[in-house]
Amino acid sequence: MLPAGARLRNYEIVSVLGRGSFGITYRAHDTTLHRDVAIKEYLPTSLAFRKDDTTVIPLSTELAEDFVWGRDRFVAEGETLTKLQDAPAVVRMLDFFQANGTAYIVMEFLSGETLDSHLKRQGRLAPAEIDRILWPLLDGLEQVHNAGFLHRDIKPANILIDADGKPTLIDFGASRAAMVGRTVAMTAIFTPGYAAAEQFTSARQGQWSDIYGLAATLYHAITGKVPPNAVDRMLDDTYEPLRLLAPEGFASGVLLGIDAGLGVRSSERPHSIAAWRPILGQTGSLDATATMVVRHKAGTEPAAMANPALAGKRRRAC
């Protein structure tokens, strides 16, 4: 990792915020605009290493092509996300550049705690708290999708909650997911319970995959427990629908909508945020509201995301 005091253009590294198999995130100080920022560095440990404490190079000539391909996807992700400056509840990307043989994405530095930490401390969220995070996340995610992009790793650990209870979606996993589909050197990074079944297979992913991740996150926040693994559900579905659990104080549409978003097969889920909103927005008692099952005929899925950060093998709809 880069040491404290290292410089990247006009950014001075302060500390490490987190690290994983795909890269490292630093806290840094912008010495030009005098503000703290977060910087994500592309450093897949299965493909590259840091030489002389600075330069990142591929582990071998055989892995060099995959490393460069992944770096290009990482840069494309940064380029796309910097265009979403006005998207609500989505972390703002400020800059992206290449240096030290690798690439960097600069983001706003946010204070608060992750929803994951919040749930570990509090157990679950009240109806008003769910409303406070649900609708902004829908608005932001819809703009991300309209830009031809997917998040691909929605879970409580990737939602930051500020002091007012407002959410921000962080740590996009699109370029990570593209790398997993590209090279056998990288293993899948999806989190069981929050990842849709198609994310563990060669089936085609789309907006419906992000919908599953957000629905699973909301289910956890309401019930205090993670939904069963989507792959296990295909063999023995032990999922307990919210419409049957009927937790008090929640609008019927929210409960039915989360159930719809957690359809095991992609054909059972809403295929866009616009299609999901009417279900989530229903009012009335659960007894008076018909259970909504969303099904799509084969071949009716939206076109695959066109953004180069999502490029790779063409995937079939499951």
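Keep in mind that what you see is a predicted model, and the values were worked out from it rather than measured.

## Regarding the packing of aromatic side chains
Here a ring pair, both rings aromatic, is described through the centre-centre distance and the interplanar angle of the planes.
(1) Moving on: As enumerated under the stated definition, the model contains 8 aromatic pairs in all.
(2) Moving on: Their ring planes at 45° and their centres at 6.2 Å tell us that F22 and F74 sit as a pair that is tilted. Of this pair, F22 sits in the loop between strand 2 (11-19) and strand 3 (23-30) while F74 is found in helix 1 (residues 61-81), placing the two residues 52 residues apart along the sequence. As far as burial versus exposure is concerned, F22 and F74 are alike and both buried.
(3) Moving on: Consider the rings of Y42 and F74, whose centres lie 5.6 Å apart with planes at 35°: the pair is tilted.

## What about helix 2 (residues 115-122)?
(1) Moving on: Within helix 2 the residues assigned to the buried category are L115, H118 and L119. Angular distribution of buried residues about the axis of helix 2 spans 95°; they occupy a single face of the element. Helix 2 presents K120 and R121 as exposed residues on the side facing more than 90 degrees away from its buried surface.
(2) Moving on: Looking at the buried residues of helix 2, the elements they touch are strand 9 (113-114), helix 3 (127-146), strand 10 (159-161) and helix 5 (207-223).

## Re the sheet that holds strand 10
Adjacent strands of a sheet form backbone hydrogen bonds with each other and so pair up, either parallel or antiparallel.
(1) Moving on: Here we have 3 strands laid out as an open sheet, ordered 9-10-11, and antiparallel in their pairing. Each end of this open sheet is capped by a strand with a single partner; those strands are strand 9 and strand 11 (167-169).

## Comments concerning the layout of surface pockets
(1) Moving on: Looking at the largest pocket, its volume works out to about 670 Å³.
(2) Moving on: In this structure, the largest pocket is lined by 26 residues; those nearest its centre are L17, G18, T25, I170 and D171.
(3) Moving on: Elements represented by at least two residues in the lining of the largest pocket include exactly strand 2, strand 3, strand 4 (35-42) and strand 8 (102-108).
(4) Moving on: Grouping the constituent residues of the lining of the largest pocket by class yields 12 nonpolar, 6 polar and 8 charged.

## Remarks on the pairing of strand 7 (residues 93-99)
(1) Moving on: Note that strand 7 and strand 8 share 6 bridges and pair antiparallel. Counterpart to M93 in the pairing with strand 8 is M107.
(2) Moving on: The antiparallel hairpin formed by strand 7 and strand 8 contains 2 residues in its connecting segment, where N100 sits at a positive phi of about 55°.

## Here we look at the packing of helix 3 against helix 5
(1) Moving on: It is at 12 Å that the axes of helix 3 and helix 5 come closest, and there the two elements cross at 170°. The angle between the axes of helix 3 and helix 5 places the two elements in the roughly antiparallel class. Contact residues: I130, I133, L134, L137, L138, L141 and H145 in helix 3; Q207, D210, L214, L218, A221 and I222 in helix 5.
(2) Moving on: Tallied by class, residues from the contact of helix 3 with helix 5 come to 10 nonpolar, 2 polar and 1 charged.

## Looking at the pattern of salt bridges
(1) Moving on: Scanning the entire structure with this criterion turns up 12 salt bridges.
(2) Moving on: Of the charged contacts in the structure, one is a salt bridge between D139 and R277, with a shortest N-O distance of 2.7 Å. Highlighted residues: D139 in helix 3 and R277 in helix 9 (residues 273-280), separated in sequence by 138 residues.
(3) Moving on: A residue is classified by how much of its surface remains accessible, and D139, at 31% relative accessible area, is partly exposed.
(4) Moving on: Salt bridges sharing common partners tie together D139, E142 and R277.

About the criteria used
- Residues numbered from 1 in each chain as written.
- Predicted model: local features only at pLDDT ≥ 70, side-chain atom pairs only at ≥ 80, totals over all residues.
- Heavy atoms only, no water.
- Phe/Tyr/Trp six-rings, centres within 6.5 Å; stacked < 30°, edge-to-face > 60°.
- Helix = DSSP H or I, 4+ residues; strand = E, 2+ residues; numbered from the N terminus.
- Buried < 20%, exposed > 50% of the residue type's maximum accessible area, 1.4 Å probe, protein only.
- Arc of directions from axis to C-beta.
- Contact = heavy atoms within 4.5 Å.
- Pairing = 2+ DSSP bridges.
- 1 Å grid on protein atoms, 1.4 Å probe; cavity = no way out; pocket = protein on both sides within 12 Å on 5 of 7 lines; lining within 4 Å.
- Points joined across faces, edges and corners; volume = space filled by probe spheres on them.
- Nonpolar A, V, L, I, M, F, W, Y, C, P; charged D, E, K, R; others polar.
- Axes fitted to C-alpha atoms, helices over the stretch in contact; angles between N-to-C directions.
- Parallel < 35°, antiparallel > 145°, perpendicular 65-115°, else oblique.
- Salt bridge = Lys/Arg side-chain N within 4 Å of Asp/Glu carboxyl O.

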